[in-house]
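# Secondary and tertiary structure notes
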Amino acid sequence: MTDPIIKVVGLTKIFNHTVHAVDHISFEVNRGEIFGLLGPNGAGKSTTIGMLNTLLKPTEGTALIDGIDVTKNPSSVRKIIGVVPQEYTADEDLTGWENIMLIADFYGIPRDISRQRASELLEMVGLTEASKRNVETYSGGMRRRLELAMGLINKPRVLFLDEPTLGLDVQTRTAIWEHIRKLKSEYNMTILVTTHYLEEADEFCDRIAIIDKGKIIKADTPENLKRGVGGDIITIQITKDGKDVDLALKGIQGVTEIKNNSDGFITLKVVDGGAVAPEIIRALTQMNLNVTRLTLTRPTMDEVYMTYTGRNLREEQTTSEETFTMRRTMRKARS
Amino acid sequence: MEEEGINSGPLHGLWAVTNRELKKWYKEPFIFIISLVQPIIWIGLFGKAMNLGEIFSAGSLNIPGLDLPKQIIDSLSQEVLKSTFGTTNYFSFLAVGMLSFIVLFSAMSSGMTIVWDRRLGFLNKMLTTPLPRGNVIMGKVLSSVIKALVQAVIVLLIAVLLGLTFSAQFSVFSLAITFFALFLLAMGLSSLFIMLAIKSTRWETQMAIMNLLNLPLLFASNAFYPVKFMPYWLKPVVMVNPLTYANNVARAMLIGVTPTASVAFSVLYLVSFAAIFSFVGIFLSWKYISS
Ligand SMILES: Nc1ncnc2c1ncn2[C@@H]1O[C@H](COP(=O)(O)OP(=O)(O)OP(=O)(O)O)[C@@H](O)[C@H]1O
Ligand SMILES: [Mg+2]
């Protein structure tokens, strides 16, 4: 089952001899997997992608894409990868069609093939009509979808997506992810994606690597990551408070932590909440205590993220969206 | 997923890069027209309004006390013009000089496009594709050369309409030699300005470089004024300036001015200029284009 198409060992990038943007990271991505890189601003996500797509020369370490070394044979790597960078790269003075055909020419795809493929891709991302217009008239979502189509023109084996949904509204984000899923299921394409949105990583990635300050802190499936932060949380309310309640609860298998809240609620951290909850009720009923309320919550990626990076990603989302808007304004100011 | 027919030859994508630049140009006729305005204004201003030829005509030149006949003044001033500019028609002298001028200005702006490509991420996009590195630069040079030559053709046509008179020996052959010289000049200058821009991310820097170089390159050449009357300290500069040699060739070929350096030498000089700078440019782009 495991058939790594991306193999990264000790990959390091130091800018100007001082900035350790990526610091000895190692990971593998299996064929046909959607692999997410999750981390705060400046964590080194784009730098990692830059080294894998041959734009940046690693300071140290090796990376293989489908067995090809990115530093030893970059031109062979370029043929089999697709790249959708964090910035909008399409030429605004050209139409959507002209842009995608231009990229096709860079790949050396013969015209008869590229014409057909370009119209298929534009159809897929819903830009057939708009492709006759200059890109400067496109909305943010349209531009993202065009970038996606441009990144797919060579039918890449590995697709790199750097923040494909940043700054887009919820519908467009969902649409983009639907495309990504389709690429995985229909073409068995391997996709390495970075994102700021925790729900997206949780929902769409097969595995996630949490990266911070240039290091991979944890890499696993979303399920395992969530389980890893200490399991589920059960909150109960009981009629009477007994001294031995704590003791009784501690005796139940799967309970790892008990906290008495001042408002009369008891919060428990448990492993496998679904199985433990009935046990709690039974134990307390045996003690003639009535459980009036019980809630079971599963940990979210927020908690996972908090646990591993000590930060709350939600606060950072705003700043990165602001940066993005600023970049767009700058582009516009040019003309 | 490997498929047949993929072109991975060393020149693949070169025309795509070139045509991208040209498209921006012919899709936007306004920019194209604007870029032609400047040399035409210069032809008008220097060639017609401040016509040096007029100064020496019998109408304006008269020495009191010496009642010289018009005929003598006329032939005298013709002699002065002839010995200064190599032709009696200053307008023609200047108009031909404007050909290298338009080539210079056109080539200069080519460096700008690479700064924008870097800034807006298009360069990075190109570099993640199998497009050969050298073609990024070669395409820019090529498109810049094509633009420069098209503009030169138009400037020449306008000059003819305004009264440029060709020499008696003028033929298609002289036209071909002239444009070959302009081609070499455009090639070398474009490579030079793209080279200067290759590491730059700020268009302000590029603008500053352009402004620093354009007028000195223009005035320290024989575009407006012949070399032999220039001060001794300026002469060496003028004699290495490739514009001087392009003007030499164009003037000899189109209006029959005997050049200071022979046409053969001038063409040779331009060939070396173009070859050296385009090789260095492509070499540097290989080395420095990605970080
Ligand atoms: N060309 C460069 N020169 C110097 N430092 C750089 C360069 N590129 C990136 N860095 C630094 O490397 C670090 C990692 O940057 P990177 O762009 O990889 O982060 P990121 O995880 O993609 O962040 P974001 O979410 O904001 O896109 C940052 O501290 C950044 O300032
Ligand atoms: Mg980034």
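These remarks concern the structure in this document. Along every chain, residues carry numbers that run from 1 in the direction the sequence is written. A letter from A marks each chain and a number from 1 marks each ligand, given out in the order of writing. Restriction of local features to residues with pLDDT of at least 70 applies here, the model being predicted, together with a cutoff of 80 or more for giving and counting side-chain atom pairs; totals for whole chains, interfaces and linings are based on all residues. Hydrogens and water are ignored here; the side-chain numbers use all heavy atoms of the structure.

## As for the interface of chain A and chain B
Keep this limit in mind: Note on contacts: a residue pair qualifies if any of its non-hydrogen atoms lie within 4.5 Å across the two residues. We define buried area as the total accessible area lost by two parts upon association, computed with a 1.4 Å probe and summed across both. The salt bridge criterion pairs a side-chain nitrogen of Lys or Arg with a carboxyl oxygen of Asp or Glu, the two atoms within 4 Å. Nitrogen and oxygen atoms within 3.5 Å of one another constitute a polar contact, given that in protein one can donate a hydrogen and the other can accept it, and given that sequence-neighbouring residues count only through two side-chain atoms. Each helix corresponds to a stretch of at least 4 residues labelled H or I by DSSP, and each strand to a stretch of at least 2 residues labelled E; elements are numbered beginning at the N terminus.
Between chain A and chain B, the contact holds 36 residues from the first and 32 residues from the second. The junction of chain A with chain B conceals about 3,100 Å² of combined surface from both sides, 61% of it contributed by carbon and sulfur atoms. Joining chain A to chain B, the criterion identifies five salt bridges. Salt-bridge contacts for Arg20 of chain B lead to Asp91 of chain A; the nearest nitrogen and oxygen are separated by 2.6 Å. In this structure, the connection of chain A to chain B is made through 11 residue pairs in polar contact (both at pLDDT 80 or more). Residue assignment for the side of chain A that touches chain B shows that the elements contributing at least two residues are helix H2 (74-80), helix H3 (96-106), helix H4 (111-124), helix H5 (140-151) and helix H12 (313-334) of chain A. The element that contributes the greatest number of residues to the side of chain A that touches chain B is H3 of chain A, accounting for six residues.

## Section: the coordination of the magnesium ion (ligand 2)
Residues and elements named next belong to chain A. What counts here: Sodium, potassium and calcium take a 3.2 Å donor cutoff, other metals 2.8 Å, and in both cases only N, O and S atoms count; water is not among them, so sites may look incomplete. To sort residues, take the accessible area from a 1.4 Å probe on protein chains only and compare it with the maximum for the residue type: under 20% means buried, over 50% means exposed, and anything in between is partly exposed.
Within the protein, the magnesium ion (ligand 2) binds to Ser46 (OG) and Gln86 (OE1); these donor distances fall in the range 1.9 to 2.1 Å. Here Gln86 lies in the loop between strand S6 (81-84) and H3 and Ser46 lies in helix H1 (residues 45-52), a separation of 40 residues in the sequence. Overall, Gln86 belongs to the buried group, its relative accessible area being 16%.

## Focus: the side chain of Arg133 of chain B
What counts here: Charge assignment: positive for Lys and Arg, negative for Asp and Glu; neither His nor the chain ends contribute.
Turning to its location among the elements, Arg133 of chain B is positioned in helix H7 (residues 133-161). One buried charged residue, Arg133 of chain B, forms no salt bridge at all, with the nearest opposite charge on Asp117 of chain B at 13 Å. Within polar-contact distance, the side chain of Arg133 of chain B engages the backbone oxygen of Leu127 of chain B at 2.3 Å. Within polar-contact distance, the side chain of Arg133 of chain B engages the backbone oxygen of Leu131 of chain B at 2.8 Å. Contacts of Arg133 of chain B, omitting those with residues within four sequence positions, involve Arg78 of chain A together with Met126, Leu127, Thr128, Ser285, Trp286 and Ile289 of chain B.

## With respect to the site of ligand 1
All names here are of chain A. Let me state the cut-off plainly: Consider each residue's heavy atoms; a residue with any of them within 4 Å of a molecule or strand counts as near. Note on areas: Shrake-Rupley, 1.4 Å probe, and residue coverage restricted to the protein chains presented here. Residue classes follow a fixed rule: Ala, Val, Leu, Ile, Met, Phe, Trp, Tyr, Cys and Pro count as nonpolar, while Asp, Glu, Lys and Arg count as charged, and any other residue, Gly among them, counts as polar.
Taken together, 15 residues sit near ligand 1, with Asn41, Gly42, Lys45, Ser46 and Thr47 positioned nearest. In this structure, Asn41 approaches ligand 1 through a side-chain N or O atom, which is 2.9 Å from an oxygen atom. Separating an oxygen atom of ligand 1 from a side-chain N or O atom of Gln86 is a distance of 3.0 Å. Bound to the protein, ligand 1 loses 63% of the 640 Å² it would expose on its own. When residues of the shell around ligand 1 are traced back to their parent elements, those giving at least two are strand S2 (19-30) and H1. Element by element, the count of residues in the shell around ligand 1 is highest for H1, at three residues. Of the residues belonging to the shell around ligand 1, the class tally is five nonpolar, eight polar and two charged.

## Here we look at the sheet that holds strand S14 (residues 291-297) of chain A
All names here are of chain A. The criterion, for reference: Pairs of strands are assigned from DSSP output, requiring at least two bridges between the strands. As a rule, the C-alpha atoms of each element are fitted with a line to give its axis, helices using only the stretch in contact, and angles between N-to-C directions run from 0 to 180 degrees.
Within the open sheet, the four strands sit side by side as S12-S13-S11-S14. Their pairing is antiparallel. In the strand order of this sheet, the two ends are held by strand S12 (255-260) and S14, each with one partner. Here the average twist between neighbouring strands, direction ignored, is 20°. Sheet strands in contact with helix H10 (residues 273-286) are strand S11 (232-238), S12, strand S13 (265-270) and S14, and its direction is about 20° off that of S11.

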